[in-house]
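# Working through the structure, step by step
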Amino acid sequence: MSRQNRWLIAAGVIVADLLIFMVPVIPLAAAYVLLLRPRWFKAFVDDLYEEE
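These remarks concern the structure in this document.

Calculation rules
- Residues numbered from 1 in each chain as written.
- Predicted model: local features only at pLDDT ≥ 70, side-chain atom pairs only at ≥ 80, totals over all residues.
- Heavy atoms only, no water.
- Helix = DSSP H or I, 4+ residues; strand = E, 2+ residues; numbered from the N terminus.
- Buried < 20%, exposed > 50% of the residue type's maximum accessible area, 1.4 Å probe, protein only.
- Contact = heavy atoms within 4.5 Å.
- Phe/Tyr/Trp six-rings, centres within 6.5 Å; stacked < 30°, edge-to-face > 60°.
- Patch = residues over 30% accessible without salt bridge, like charges linked within 9 Å, V, L, I, M, F, W, Y side chains within 5 Å.
- Areas by Shrake-Rupley, 256 points an atom, 1.4 Å probe, with all protein chains shown as cover.
- Salt bridge = Lys/Arg side-chain N within 4 Å of Asp/Glu carboxyl O.

On to the environment of Phe44. Tracing the backbone shows Phe44 in helix H3 (residues 39-48). A relative accessible area of 28% places Phe44 in the partly exposed class. Sequence spacing of Phe44 and Asp17 is 27 residues, and the spatial spacing of their C-alpha atoms is 20 Å. The residues contacting Phe44, other than those within four sequence positions of it, are Met1 and Ile9.

Throughout the structure, instances matching the rule amount to three aromatic pairs. When the centroid spacing of 6.5 Å and the interplanar angle of 25° are considered together, the rings of Tyr32 and Trp40 count as stacked. Judged by centre distance (6.4 Å) and plane angle (40°), the rings of Phe41 and Phe44 are tilted. Here Phe41 and its partner Phe44 are both found in helix H3, three residues apart, which amounts to about one turn of the helix. Residue classification places Phe41 among the partly exposed positions, given a relative accessible area of 30%. Counting every residue linked through ring pairs, the aromatic cluster contains Tyr32, Trp40, Phe41 and Phe44.

Below, the discussion takes up a nonpolar patch on the surface. A contiguous nonpolar surface patch, about 770 Å² in accessible area, is contributed by Val15, Leu19, Ile20, Phe21, Met22, Val23 and Leu28. Note that Val15 resides in helix H1 (residues 3-19). Note on Val15: relative accessible area 44%, which makes it partly exposed.

So far we have only geometry, and geometry alone does not tell us how the molecule works.
And the structure:
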């Protein structure tokens, strides 16, 4: 994953949090990932930490 994509994802998370700050989006997403352990999330994390 390129550095630009990482920055875009980070900026998107911040913007989404600012737009819907009344709904605890991050804790809900974290609970979803912790409880259901989706395969796409592991692939996403592996892709983030893949050496370029």
